[in-house]
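Examining the three-dimensional arrangement
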Amino acid sequence: MSWVWFYLPLHLLMAVCLCHSIRAPTTSFKSDLFNFYHSLILADGKETTVHLLKDIPKRYYFVLEEGRAPAPFTITVTPCDVPIEWSILIHKASASFLGKAAHGDRDTQEVSKSQKTPSIASTIFNYKGNSVETYVGMSSYSALYMLEFLSTERDTHITVYLTTDTTSGHLYPELPVDPRIDVIGIGHTTVTLAWKHSPSVLQHRENIQYCLLVNEKHNYKSLCAAETAIRSSGMKLPPMLALSLSPYLLEPQQVMILSNSELSIINKASSGEVRQICMGTKNTYTVPSLSPSTQYYFDVFVVNLLTNASAAYTGTFARTLEEPEPKMTELKDGKVIQVVLDGKKQKFYSLQYQARHKRVQFTFQSCRGQVRVHITKNGKTVASENISGLRYFSLKGNLLDTYLVQLRSTEQSNSSVKVQVSSHFHKPLFPLLPESLKIKSFSKLRTCNSVTIAWLGTQEESKYCVYKKRIEEDQVWMELQSTDRCAGPESRHKSEKVLCKYFYDINLQRAVTTETIKGLDAGTLYLFDVYLIGPSGIPVRYHSKVVKTRKKC
């Protein structure tokens, strides 16, 4: 790459000054030459970033090396935000002026003083818009080219690439003759795309890759425009090299997923989500994890990993299919079902029941996590709340009333819940519960090898089973979070069982029982569980209690 102003002939320098109505005084001429050399020359073979202020035109110049034969040149302009106006003008010096310039300064000064314009300026190309445009022309050593750029909407920036070397390859990857993206498959949460291979991929496979941009707003005509839009929405985008598999530090609002040699970058902001997926040289891709009944815009860029330059295929859009109606599960009188709820999708699971009696009772036992329960009768809400234990809803109505139960996890992780509906109140499936399901431990009764715990009972004779489990301190949180409250004693290892006993008291004030568990190790953490098993055999688990034995006695 060379800076072409080293080769700018004197007569063309004079033409530049004259076409800008610059008079002949020596100091003015030198000042203009200084500005010309340092701020107006466009580099050959290099991509230049140009910052534009609103309504203020900016000009750059280009001229061939002196003595070089006419040759083709290309200029590529990439708007990075709003539409711009740009044009190419050519200044051709007249033959008489060139002759005078060659004979000395005296004749040149005479021309300047007479305010004649010995150069002929003509516009050979102009464009207005935000698409990437490339102009291909034939240059001459006796002509000076001027590029003029103007933004009328707001301050912005663009990139300009000029080259006169057409033999050493292209900075920008090439697009196929047909650069359209084809939508070959649409699902509820997926869209499958295909596009024709870039000639650059076929020639330089190891240095080229495809990257896909997915968003819900509109298509982008260049990667530069996409990056600008994402930054303006409040998200920070990594350099364009991030679209290759180069390492970099992600911002807090970015998520990177790398699997099967594919890099996915998800930028999150209040204005929506923008995904970047780079898939190497594959020219088909199925975009996963989309939302149903949503319109998405897809842009494919072919990226040169050595130069970071890219070319954009013609963007497309597609709307995912509508989400199918949720399957309705019929509840049968007296039958218990267990439902697993997806916390990530946050979808409602629907159950339906047609009443055979005027009074019905719904029972919900949260097995893991917290569950949102919403019950409607003939379309009207009769109950709605979050549950994390055992909960009963006794409802009155008419025969053949239709009840709809909707369940949803309130957490990001999966939840599960047992559900039963019954019109037989005298035959409860779940045992009668005490006022509290907490287990209490007595610190003063704690020894090096024993722990005393207590829990509340009921007025109904029931079976209580106690289990213990030795755990480490770093396992406490995981043990408590992963507990399945619906699982019974059959899920525990036999070695964890302490005892089972029957207990009740007509006087609820005295319905309390204690148990001292012996044979423990000193200074050790234990997890204690109590299971209440009623006449139907369905267990209810008390809240787990973690107790540490004394280290020294």
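Here's what I pulled together on the structure shown here. The structure displayed is predicted, hence computed values, not measured ones.

**With respect to the packing of aromatic side chains**
All chains considered together, the criterion is met by 21 aromatic pairs. Seen in terms of ring centroids, Trp 195 and Tyr 210 are 5.6 Å apart; in terms of plane orientation they differ by 75°. Their pairing is edge-to-face. A residue pair is termed long-range when its members are at least 10 positions apart, and Trp 195 in strand β10 (residues 191-195) and Tyr 210 in strand β11 (residues 208-215) qualify at 15 residues. Aromatic ring contacts, followed pair by pair, group Tyr 60, Phe 62, Phe 73, Trp 86, Phe 125, Tyr 135, Tyr 145 and Phe 149 into a single cluster. Stacked on the ring of Phe 393, the Lys or Arg Arg 391 has its end atom at 4.4 Å from the ring centre.

**Overview of the sheet that holds strand β6 (residues 133-139)**
Strand order in the open sheet formed by 4 strands is β1-β8-β3-β6, with antiparallel pairing between adjacent strands. Edge positions in the sheet fall to β1 (46-52) and β6, since each has one partner strand and no second. Each adjacent strand pair in this sheet contributes to an overall mean axis angle of 20°, direction not counted.

**Let's talk about the nonpolar core**
A general trend in soluble globular proteins is that nonpolar side chains are found buried together. Counting 23 residues, the largest nonpolar core has Phe 362, Phe 364, Ile 375, Leu 407 and Val 417 as the members making the most contacts within it. Looking at this core, the elements that each hand over two or more residues are β20 (336-341), β21 (349-354), β22 (359-368), β23 (371-377), β24 (380-387), β25 (390-396), β26 (402-409) and β27 (415-422). Leu 52, Tyr 60, Phe 62 and Phe 73 belong to the second-largest nonpolar core, a separate cluster that totals 22 residues.

**Comments concerning the pattern of salt bridges**
Under the criterion given, the structure shown has 14 salt bridges. Among the salt bridges present, the one from Glu 473 reaches Lys 548, with a minimum N-O distance of 3.3 Å. With Glu 473 in the loop between β30 (462-471) and α7 (476-481) and Lys 548 in strand β35 (residues 545-548), the pair connects residues that are 75 residues apart, well separated along the chain. Glu 473 sits in the exposed class, given a relative accessible area of 58%.

**Some words on empty space enclosed by the protein**
One pass over the structure, following the stated rule, counts 2 cavities of 30 Å³ or more. Empty space within the largest cavity amounts to approximately 60 Å³. Surrounding the largest cavity, Gln 365, Ser 366, Ser 388, Gly 389, Leu 390, Leu 437, Arg 485, Val 540, Arg 541 and His 543 form its lining. Those elements giving two or more residues to the lining of the largest cavity turn out to be β22 and β34 (539-541). For the lining of the largest cavity, a count of residues per class yields 3 nonpolar, 5 polar and 2 charged.

**As for unusual backbone geometry**
The phi angle at Ser 289 is positive, at roughly 55°, despite the residue not being glycine. Its place among the elements puts Ser 289 in the loop between β15 (284-287) and β16 (295-304). One non-glycine residue, Leu 400, lies in positive phi territory at about 70°. For Leu 400, the position within the fold is in the loop between β25 and β26. Its relative accessible area of 58% is what places Leu 400 among the exposed residues.

Cut-offs used in this document
- Residues numbered from 1 in each chain as written.
- Predicted model: local features only at pLDDT ≥ 70, side-chain atom pairs only at ≥ 80, totals over all residues.
- Heavy atoms only, no water.
- Phe/Tyr/Trp six-rings, centres within 6.5 Å; stacked < 30°, edge-to-face > 60°.
- Helix = DSSP H or I, 4+ residues; strand = E, 2+ residues; numbered from the N terminus.
- Lys NZ or Arg CZ within 6 Å of the ring centre and 35° of its normal.
- Pairing = 2+ DSSP bridges.
- Axes fitted to C-alpha atoms, helices over the stretch in contact; angles between N-to-C directions.
- Core = buried A, V, L, I, M, F, W, Y, C linked by side-chain atoms within 4.5 Å.
- Buried < 20%, exposed > 50% of the residue type's maximum accessible area, 1.4 Å probe, protein only.
- Salt bridge = Lys/Arg side-chain N within 4 Å of Asp/Glu carboxyl O.
- 1 Å grid on protein atoms, 1.4 Å probe; cavity = no way out; pocket = protein on both sides within 12 Å on 5 of 7 lines; lining within 4 Å.
- Points joined across faces, edges and corners; volume = space filled by probe spheres on them.
- Nonpolar A, V, L, I, M, F, W, Y, C, P; charged D, E, K, R; others polar.

In short, the description is geometric, and any link to function would need to be established separately.
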